[in-house]
Amino acid sequence: MIAQNNVRSTNNDPVESSESYPITGGSNGAGTSRLFRQFGSLFSSPTPPTDPAGYVEFGSISDPAASSGRTLGTFAGVFCPVALSMFSALVFIRVGFIVGNAGLYVTLLQFIIAYVILLFTVSSVCAISTNGAVEGGGVYFMISRTLGPEFGGSIGTLFFLANVVGCGLAISGCAEGIIQNFGPSDGTGSGTIPDGRWWRFLYCSSLNTLMLIVVLIGAEMFAKTSMLILGVVVICLLSTYISFLTQGPMEVSIPHENNLVNFTSAAYTGLQADTLLSNLHANYSKDYTSNGNQVNFAVVFGVLFSGVTGIMAGANMSGELKNPSKSIPAGTLSAVLFTFLCYMALSVLIAATTTSTLLQNNFLFLGPVNLWPTFVTIGILTATFSTGLSNLIGASRVMEALAKDRVFGPLMSFVVKGTYKNNPIAAVIASWVLVETILLIGSLNTIAQINSVLFMLSYLATNLACLGIEITGAPNFRPTYKYFSWHTAFIGLLGTAIMMFVINSIYALSSIILCLLLVIALHLFSPASQGAQWGSISQALMFHQVRKYLLMLDSRKDHVKFWRPQMLLLVSSPRTCCPLIHFVNDMKKGGLYVIGHVKVGEFADNDSSTDPTIEEYTQWLSLVDHMKVKAFVELTLSRSVREGIQHLIRIAGMGAMKPNTTILGFYDEEQSKDFFEHEDSPYKTNEFDGNGIQLFPYRKSGESKLLGVVDYVRVIDDVLRMRKNLCLCRHFHRLDKQMIARNNHIRYIDVWPVNIFEPKNEDPFDVVSQFMMQLACIINMLPVWKKLELRVFLCESETLSENSAAFERPAEHRLDQRLKLLRISASIHKIPEWNKDIDFAKHRTILKQFTGNSDSNQMMAEENINRSKLYMQRINQIIRDRSNATAVTFMYLPTPPATLSVDYKEKCHHYLDLLTELTFDLPPTILVHGIDAVTSTTL
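For clarity, every value in this text was computed on a predicted model and none was experimentally measured.

What counts and what doesn't
- Residues numbered from 1 in each chain as written.
- Predicted model: local features only at pLDDT ≥ 70, side-chain atom pairs only at ≥ 80, totals over all residues.
- Heavy atoms only, no water.
- Disulfide = S-S within 2.5 Å.
- Helix = DSSP H or I, 4+ residues; strand = E, 2+ residues; numbered from the N terminus.
- Axes fitted to C-alpha atoms, helices over the stretch in contact; angles between N-to-C directions.
- Left-handed = near helix turned anticlockwise from the far one by under 90°.
- Contact = heavy atoms within 4.5 Å.
- Nonpolar A, V, L, I, M, F, W, Y, C, P; charged D, E, K, R; others polar.
- Buried < 20%, exposed > 50% of the residue type's maximum accessible area, 1.4 Å probe, protein only.
- Right-handed = clockwise from strand over helix to strand, strands pointing away.
- Pairing = 2+ DSSP bridges.
- Patch = residues over 30% accessible without salt bridge, like charges linked within 9 Å, V, L, I, M, F, W, Y side chains within 5 Å.
- Areas by Shrake-Rupley, 256 points an atom, 1.4 Å probe, with all protein chains shown as cover.
- Salt bridge = Lys/Arg side-chain N within 4 Å of Asp/Glu carboxyl O.
- Core = buried A, V, L, I, M, F, W, Y, C linked by side-chain atoms within 4.5 Å.
- Phe/Tyr/Trp six-rings, centres within 6.5 Å; stacked < 30°, edge-to-face > 60°.
- Parallel < 35°, antiparallel > 145°, perpendicular 65-115°, else oblique.
- pLDDT = per-residue confidence, 0-100.

**Student:** Quick question: what am I supposed to make of the state of the cysteines here?
**Tutor:** By definition, a disulfide links the sulfur atoms of two cysteines through a covalent bond. Enumeration over the complete set of coordinates arrives at zero disulfides. No disulfide involves Cys126; its nearest neighbouring cysteine sulfur is the one of Cys466, lying 9.6 Å away.

**Student:** Help me out: how do you make sense of the environment of Gly196 in this one?
**Tutor:** Of note, Gly196 is situated in the loop between helix 6 (149-182) and helix 7 (197-223). It is 8.0 Å that separates the C-alpha atoms of Gly196 and Glu257, two residues lying 61 residues apart in sequence.

**Student:** Looking at this structure, I do not really get the packing of helix 17 (residues 444-472) against helix 21 (residues 537-552). What am I missing?
**Tutor:** Helix-helix packing is described using two parameters, namely the angle between the two axes and the distance between the axes. One way to put it is that helix 17 packs onto helix 21 with a least axis distance of 9 Å and a crossing angle of 35°. As helix 17 packs across helix 21, the resulting crossing turns out to be left-handed. Across the interface between the two elements, Ala465, Gly468, Ile469, Ile471 and Thr472 from helix 17 touch Ile537, Ala540, Leu541 and His544 from helix 21. Taken together, the residues of the contact of helix 17 with helix 21 break down into six nonpolar, three polar and no charged.

**Student:** Quick question: what am I supposed to make of the pairing of strand 8 (residues 593-600) here?
**Tutor:** Within a regular strand, the side chains alternate between the two sheet faces. Along strand 8, eight of the eight residues are buried, which leaves the element largely enclosed by surrounding structure. Residues Tyr593, Ile595, His597 and Lys599 line one face of strand 8 and the alternating positions Val594, Gly596, Val598 and Val600 line the opposite face, and both faces are buried. The parallel pair strand 7 (residues 567-570) and strand 8, bridged by helix 22 (residues 578-587), forms a crossover whose chirality is right-handed. Relative to strand 9 (residues 632-638), strand 8 runs parallel, the two being bridged by seven bridges. Bridging from a neighbouring strand, Val600 pairs with Ser638 of strand 9.

**Student:** Please explain the side chain of Ser123 as it appears in this structure.
**Tutor:** Tracing the sequence through the fold places Ser123 in helix 4 (residues 95-129). Accessibility expressed as a relative area gives 5% for Ser123, which makes it buried. Apart from the residues lying within four places of it in its own chain, the contact partners of Ser123 are Tyr481, Tyr483, Phe484 and Thr488.

**Student:** Honestly, unusual backbone geometry in this entry has me stumped. Any pointers?
**Tutor:** One non-glycine residue with positive phi stands out, namely Lys628, at about 60°. Relative to the elements of secondary structure, Lys628 occurs in the loop between helix 23 (612-627) and strand 9. Taking relative accessible area as the criterion, Lys628 reaches 69% and is therefore assigned exposed.

**Student:** I would appreciate a short explanation of a nonpolar patch on the surface in the present structure.
**Tutor:** On the surface, Ile112, Val116, Trp486, Phe490, Ile491, Leu494 and Ile498 cluster together into a nonpolar patch covering about 600 Å² of accessible area. When residues of the nonpolar patch are traced back to their parent elements, those giving at least two are helix 4 and helix 18 (486-503). No other element matches the five residues that helix 18 contributes to the nonpolar patch. Of note, Leu494 is situated in helix 18. Of the residues examined, Leu494 reaches a relative accessible area of 43% and is grouped as partly exposed.

**Student:** What should I look at first to understand the nonpolar core in this one?
**Tutor:** Generally speaking, nonpolar side chains in soluble globular proteins are found buried as a group. Core analysis: the biggest nonpolar cluster contains 147 residues, and Phe92, Tyr115, Phe244, Phe305, Val308 and Tyr343 have the highest contact counts within it. In terms of residues, this core owes the most to one element, helix 4, which gives 18 residues. Listed in part, the 65 residues of the second largest apolar core include Trp620, Phe676, Phe765 and Phe890.

**Student:** When you look at the packing of aromatic side chains in this model, what are you seeing that I'm missing?
**Tutor:** Each aromatic ring pair is specified by the distance between its two centres and by the angle formed by the two planes. Inspection of the entire model under this criterion finds 29 aromatic pairs. With 6.4 Å between their ring centres and 0° between their planes, Phe297 and Phe301 make a pair best called stacked. Of this pair, Phe297 and Phe301 both sit in helix 10 (residues 297-306), four residues apart, roughly one helical turn. Under the relative-accessibility criterion, Phe301 is labelled buried at 0%. Both rings, one in Phe305 and one in Tyr459, keep their centres 6.3 Å apart while their planes meet at 65°; by these two values the pair is edge-to-face. With a gap of 154 residues between them, Phe305 in helix 10 and Tyr459 in helix 17 connect regions that are remote in the sequence. The same class applies to Phe305 as to Tyr459, namely buried.

**Student:** Would you mind showing me how to read the side chain of Asp717 here?
**Tutor:** Along the chain, the position of Asp717 falls in helix 25 (residues 709-721). Residues within four places of Asp717 in sequence aside, it is in contact with Pro896 and Thr899.

**Student:** Is there a simple way to think about the packing of helix 6 against helix 17 in this case?
**Tutor:** Running from amino to carboxyl end, helix 6 crosses helix 17 at an angle of 150°, the nearest separation of the two axes being 8 Å. Judged by the inter-axis angle, helix 6 sits roughly antiparallel to helix 17. The two elements helix 6 and helix 17 meet at a crossing, and its hand is left-handed. Here the residues of the contact of helix 6 with helix 17 are counted per class, giving 15 nonpolar, seven polar and one charged.

**Student:** Please explain the sheet that holds strand 8 as it appears in this structure.
**Tutor:** Remark on secondary structure: sheet strands pair via backbone hydrogen bonds, oriented parallel or antiparallel. Ordered in space as 9-8-7-10-13-18-17-14-15-16, the ten strands form an open sheet in which the pairing is mixed. Looking at which strands have only one partner, the edges of the open sheet turn out to be strand 9 and strand 16 (827-830). Mean inter-strand twist for the sheet, computed between neighbouring axes without regard to direction, equals 25°. For strand 7 and strand 8, the ladder comprises four bridges, and the chain directions are parallel. Residue pairing in the sheet places Leu570 in a bridge with Gly596 of strand 8.

**Student:** So what exactly am I meant to see when it comes to the environment of Ser306 here?
**Tutor:** Relative to the elements of secondary structure, Ser306 occurs in helix 10. For Ser306, a relative accessible area of 7% gives the class buried. In this structure the C-alpha to C-alpha distance between Ser306 and Ile447, which are 141 residues apart in sequence, comes to 9.0 Å. Not counting the four nearest positions on each side in its chain, Ser306 is found in contact with Leu169, Ala448, Asn451 and Ser452.

**Student:** Can you help me understand the confidence of the model for the chain in this one?
**Tutor:** Parts of the model with low pLDDT should not have their predicted coordinates read in detail. Here the chain averages 80 in pLDDT, and 83% of its residues register 70 or above. Looking across the chain, the model is least confident in helix 1 (residues 35-44), with a mean pLDDT of 35, and most confident in strand 18 (residues 925-929), with 96. Confidence over residues 1-68 falls short of pLDDT 50; this stretch has 255 contacts with residues more than four positions distant or in other chains. Counted against residues more than four places away or in other chains, residues 185-189, with its pLDDT under 50, gives ten contacts.

Spelled out as structure tokens, the structure:
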């Protein structure tokens, strides 16, 4: 797709063969309270016209006040949801269990540890939430838009599971409260409802079903009551504080399901110093709600942390906050401080008034010791039911978000289809089923540990996201929250990672493995467009590290021992050279691989408002994806192919990672083959055809070439003068790697280390031949190719021995020793006809005229030209006779004619004609010319 006077494409392609090269052409364009309503509205509302993804991206700027529906302030929008979520079932049901087993000192320490982790995680949440609008989905949204779809989708899935487990935890707590007040364990010895494992599962299932009905019918109504529910919980908690300060000693009955002790009551002492002293230190016992399992530090911390996992509720509300950047930090931090003080005060009062015996054997002792027991019942039911309901709604909304983002492709399409009036019915039902599964566990304390681990993993990922962004120094990461640094993110990350394993190493390891499996699965199967649409921190981290190591990579410290090929393949139209693109990908041996392309035209004549190579660049990247090669792409716009190649040779790569080998297609008249359209081609695709436009057009039969023979030879000379190794590739349209793999007829890789134009007996030992053998050896090391035998053909002539003393040993022995020193496994084959049929001395002077080593400025006689062609045909026949089972042939490329020689243009034509005769009807052939030594025989 070349433009001659401007950059508009034509169908003329300067490609001079069906292979690669001369590069021209181009391509035509081808959790809580109003959180629930927040989730529902955000994921069902129309997409803002400014963002096709429906989200405000990382680093974007929005005006929340200008958005409709943003009516909440700090207290109602952040403080209430966060505080209510952090109270949950813990405040009325399990603080006594924690103090009774861990003792006051360890309890206070655990609360401090938990809140330090929460505080640093809140800093990360505030940093992300004040660096752009967090639309909905809470942790999932923040991580997916920061870490990318793989990590975001996997952590979002775990956050969804955490909400499911949290719902099960709250339901279990609610059922305990109901049985405590209405069942046999109410202390009177009788009750209105029966108790037992399956009775409890029935009650939990009934509560879960009730929540399902509320979510399906009245979720929005419930979302408006967060302040009222929090007020009820706070009043109930105040009644507990007052009772501790005023209530005198009493005996409190032990629940009947506690069969670990043989007594029926334990003492509540009221405020007493002796009671406080006896509760200062740890006194771990057995948990009567989980089949008598031994309690330890990890179990207690797991239960404690499960009750304080609601810090994300405020960030989830940003879509309805008047001023998110102010409300989220202020509301979340104030709620964290408020709940911390409440828990600390409650822990001290419990330790000073209640014996450890009662605390360990009746987890619901707060009801009997309260001046108004009904308040505790109301507190338990409202706190647990509201938390469970919020988790169920949150889980369904996160699931809906995952489905709408198509993180798992069509697997969750039923969720999107099952939405009615902005309510994700299918997601709610799926979440309800999973909660039912969690309820089968039965023990609240066991569920609490699972819940804690899953939420900790979510917090770990949030800290990791912020730490990664801060390390990369992304300019667009400018949070208005000023108390964040990489230190806070690192401490939060380290704290959550350690405490996950402290709580339960098996649960933690299982969660991490699940997360990694999800990351791998999403990386392989998730739509690739999401990474580009959202942005991925992995790209920023890789850029940061690659830049650092590129600066450390010093070309002055290069050593031949660590040489590897760094390839620049010049391509005109990739349609005609797919096998060559793949072959060079094999030959690079872990080195740099750049596919270069020149678009002919004048930048000043460009009608477009942008550089045309910018649009084409994405098409070439798609080509690299289709070919499945590990290559970079470099495009340039130039007035001529030759000038463009010079640009690419100079600028391709970066720092010390620059190509050392340039690869061109051969200049010939062979008909090009379109590998994208050919039925039997492994590269067949319609991806680059559409709307009547064929991307990467190539020169059709009868069309003129835009690159002449002289310019092509000059390009060869330019490459060598720029100190780059050079390969000319011919017949690679015949290369069929699949056939080589399955056909035992193809058995060899051949190397012909002799300069046919100027043959010498020392040719097999010069730099060019060593480079040729190195490339052949590299190919022979790779899968498919390693089954082939490497053959080196020794072309020795007695008439060319200029110094007999230098060649006392036979050349075959010398070559064998050299191959052993180079650790190249190859067989050596002598050519008898070389001395018998060919008079090298007779043709040497004639052929030398066509190379850059000629000292003659005489005119070339027609007779000499014809004799040279006949000579090349004889050499070609010798090679062809030995190439019936050859996959690839490596041959010596002589230097082109000197540019200042007489009849330079004619010599260029004859030089290329001789190469054409030499390689006629051979297998895929590479003419090689090396510049510097690339092999080493020393350690």
